[in-house]
Amino acid sequence: MQFLWLYIDDLMGKGLEWYIVAEFLVYASASLVNLALPMAVLLSSIMTFGNLAEKYELVAMKSSGLSLNRIMRSLLIFVCALTVIAFLFANWISPVAYLKSRTLMWDITEKKPALELRPNVFFKGIGGYSIRIKGKDEDKNILRDVLIYDHTDNTGANRRVIRAEWGKMAKSPDGAYLVMSLHKGYSYEEQAISPRIESNLAMVANRFERQDIRIDISGMGLVRSDENLFKTGHKMLNIEQIAYVADSLSQMHRKKDTEYREFINRNFLATRDSTVLSTPALDTVPMVYLDKGMTLAGTELALVAMRNMAEYTARQIEEEKIQQEQLNRYVVEGYRKFTLAVACLLLFYIGAPLGAIIKKGGLGLPVVFSVIFFLLFHVLSITGEKMAVAGIVPVWFGMWLSQFIMAPMAIFLTVKANNDSPLFDYETYGRLWSRITNRFKRTPNESVTALS
């Protein structure tokens, strides 16, 4: 739940109902399913085949003539179905969940803090008012020694101050206003011709037994935004929508590139054929007609034109880089829906043979190996994605980089598991190390015999 700690500051102090927080957690969790599913397949496959090997059930099945591939077949069918489900989830459900979570997060961020008055602390969460209390009685909802600075005139000065011995707060029936009933107090108001003009008029003080103040708090509630405002993000689209947006961006990029080339050809004569120019080239004009002043002026104009062209070209290159990265992000998101689904199948072919080799079940060694291999897969995926977005490698290569590297590992582990190779057997490596060290530890008689 790292995302929860990431947004904990935005969630705290907003007075959100429990179902709003629960809704946000459900949407945010749904967007993480495709990342957690490959890890679950890897861990479960290692634990399952590790338990079978640890209890010699795998040995019994192999002794009856079944190969590891035949033993894995039923689970392979299930994982293939899970791969299809993962793709459908990533294409249809995950974009909607991500859209709703981002929209709800925006609404929560924009929501004003909840009305919570603490003793001896000025509360400024209500627009135009600054409220301080000395204490409060929770049982009777009574506020003690209430001090209010009224800034609704937007002058920034304390022209109106209200102080009361005690008061009560309550919302209006429609919930749009906060009604503060103040008792036994004074109100001080500085008189002025205009709220923004200083004056020397006297301050008016009024004593009251009871005074009600209505404060508009309609903006303090959670206002749900229109989801269509956030629908253009690359993570909020399915494959068909991504293809449409990517095609539109490609056409836009081609149009801007064509406009740039036309501008260069129209304003930079060096790129044009001098034989078709309507005006003679500079070197064809006899120098007798060009005095020194005209030559210097033409040179200065040419230099200014070249500098402007260079700056325009630099801006065009930078814009092209930004536009290409934007396009790459959409294409990357399209490939991600396939790669994360295929990762379930790939990690199954790593986990199942690995569990048969290590012969350990439970939550001990299988968890260690699953974390190692999943971290390797995740690091390779992030690296390939960043290179694809930056344009260092083609998008398809960057997104399939982790599969290209880990597929040989899956083949290697499957072959070793089929051959019952003691790949992770400590005793096998111990015997191998003993043989190596024994070759260098000869007895004195052996050494004399070897010399003779």
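Residues numbered from 1 in each chain as written. Predicted model: local features only at pLDDT ≥ 70, side-chain atom pairs only at ≥ 80, totals over all residues. Heavy atoms only, no water.

Undergrad: Which parts of the structure should I look at to understand the packing of helix 9 (residues 365–390) against helix 11 (residues 401–418)?
TA: A packed helix pair is summarised by two numbers, namely the angle formed by the two axes and the spacing between the axes. Here helix 9 crosses helix 11 at 150 degrees, and the two axes come no closer than 7 Å. The angle between helix 9 and helix 11 places the two elements in the roughly antiparallel class. Taken together, the residues of helix 11 that come into contact with helix 9 (itself represented by Phe373, Leu376, Phe377, Leu380, Ser381, Gly384 and Met387) are Leu401, Ser402, Gln403, Ile405, Met406, Met409 and Leu413. Among the residues making up the contact of helix 9 with helix 11, the classes are represented as ten nonpolar, four polar and no charged. (Axes fitted to C-alpha atoms, helices over the stretch in contact; angles between N-to-C directions. Helix = DSSP H or I, 4+ residues; strand = E, 2+ residues; numbered from the N terminus. Parallel < 35°, antiparallel > 145°, perpendicular 65-115°, else oblique. Contact = heavy atoms within 4.5 Å. Nonpolar A, V, L, I, M, F, W, Y, C, P; charged D, E, K, R; others polar.)

Undergrad: Would you explain the sheet that holds strand 2 (residues 142–150) in this entry?
TA: Within a sheet, each strand pairs with its neighbour through backbone hydrogen bonds, oriented either parallel or antiparallel. Pairing in this open sheet of five strands is antiparallel, and the strands run 1-2-3-4-5 from one edge to the other. On the outer flanks of this sheet lie strand 1 (129–137) and strand 5 (203–216), each paired with one strand and no other. Pairs of neighbouring strands in the sheet enclose a mean axial angle of 25 degrees, with direction left out of account. Where strand 3 (residues 160–171) lies against strand 4 (residues 177–190), eleven bridges are found, and the strand directions are antiparallel. If you follow Met169 over to strand 4, its bridge partner there is Met180. (Pairing = 2+ DSSP bridges.)

Undergrad: I would appreciate a short explanation of the environment of Tyr349 in the present structure.
TA: Mapping Tyr349 onto the fold places it in helix 8 (residues 292–358). Taking relative accessible area as the criterion, Tyr349 reaches 26% and is therefore assigned partly exposed. Residues Tyr349 and Ala410 lie 61 residues apart in sequence; the distance between their C-alpha atoms is 5.5 Å. Among residues more than four places away in sequence, those in contact with Tyr349 are Met72, Leu76, Ala410 and Thr414. (Buried < 20%, exposed > 50% of the residue type's maximum accessible area, 1.4 Å probe, protein only.)

Undergrad: Just to check I follow, could you spell out unusual backbone geometry for this structure?
TA: Trans peptide bonds make up the majority, and among non-glycine residues the majority have a negative phi. The phi dihedral of Lys184 is positive, around 55 degrees, even though this residue is not glycine. With respect to the secondary-structure elements, Lys184 resides in strand 4. A residue is classified by how much of its surface remains accessible, and Lys184, at 42% relative accessible area, is partly exposed.

Undergrad: In this structure, what is going on with the confidence of the model for the protein? I would like to understand it.
TA: Low-confidence regions, as indicated by low pLDDT, have predicted coordinates that should not be scrutinised in detail. Per-chain confidence: the protein averages 78 in pLDDT, with 75% of residues scoring 70 or above. When the criterion is pLDDT under 50, residues 276–290 qualifies, and its contacts beyond four places in sequence or with other chains add up to six contacts. (pLDDT = per-residue confidence, 0-100.)

Undergrad: I would appreciate a short explanation of helix 4 (residues 33–54) in the present structure.
TA: Within an α-helix, residues lying three or four positions from one another point in the same direction, as the helix has 3.6 residues per turn. Compared with an ideal rise of 1.5 Å per residue, which puts 22 residues at 32 Å, helix 4 spans 31 Å between its outermost C-alpha atoms and is within 8% of the ideal. Taken together, the buried positions of helix 4 are Asn34, Pro38, Val41, Leu42, Ser45, Ile46, Phe49, Gly50, Leu52 and Ala53. Buried residues along helix 4 cover an arc of 165 degrees about the axis, so they all sit on one side. Tyr56 lies just past helix 4 and shows a positive phi near 60 degrees. (Expected span 1.5 Å × (residues − 1). Arc of directions from axis to C-beta.)

Undergrad: How should the pattern of salt bridges be read in this particular structure?
TA: Side-chain pairs of opposite charge can arise whenever the charged atoms involved come near each other. As enumerated under the stated definition, the model contains nine salt bridges in all. Of the charged contacts in the structure, one is a salt bridge between Arg163 and Asp145, with a shortest N-O distance of 3.1 Å. In this pair, Arg163 sits in strand 3 while Asp145 sits in strand 2, placing the two residues 18 residues apart along the sequence. For Glu209, the salt bridge identified is with Arg207, shortest N-O distance 3.0 Å. Using a relative accessible area of 45% as the deciding quantity, one classes Glu209 as partly exposed. Overlapping salt bridges bring together Glu333, Arg336, Lys337 and Glu385 as one network. (Salt bridge = Lys/Arg side-chain N within 4 Å of Asp/Glu carboxyl O.)

Undergrad: Quick question: what am I supposed to make of the nonpolar core here?
TA: Soluble globular proteins: nonpolar side chains tend toward being buried together. Formed by 34 residues in total, the largest nonpolar core has its most connected members in Phe49, Leu58, Ile350, Phe373 and Met406. Contributing elements (two or more residues each) for this core: helix 4, helix 6 (68–110), helix 8, helix 9 and helix 11. The contacts of Met406, once residues within four sequence positions are left out, are Leu346, Leu347, Ile350, Phe373, Leu376, Phe377 and Leu380. In terms of nonpolar packing, the next biggest core, distinct from the first, is built from 18 residues, Ile131, Leu143, Ile162 and Ala164 among them. (Core = buried A, V, L, I, M, F, W, Y, C linked by side-chain atoms within 4.5 Å.)

Undergrad: What exactly am I supposed to notice about the pairing of strand 4 here?
TA: Looking down a regular strand, the side chains alternate between one sheet face and the other. Of the pairings in the sheet, the one linking strand 4 to strand 5 comprises 13 bridges and is antiparallel in character. Across the sheet, Gly185 pairs through a bridge with Phe208, a residue of strand 5.

Undergrad: Quick question: what am I supposed to make of the packing of aromatic side chains here?
TA: When we look at a pair of aromatic rings, we describe it by the centre distance and by the angle of the planes. Applying the stated criterion to the full structure yields nine aromatic pairs. Centroid distance Phe397 to Phe404: 6.0 Å. Interplanar angle 45 degrees. Geometry classified as tilted. The partly exposed category is assigned to Phe397, whose relative accessible area is 32%. What makes Phe404 partly exposed here is its relative accessible area of 43%. (Phe/Tyr/Trp six-rings, centres within 6.5 Å; stacked < 30°, edge-to-face > 60°.)

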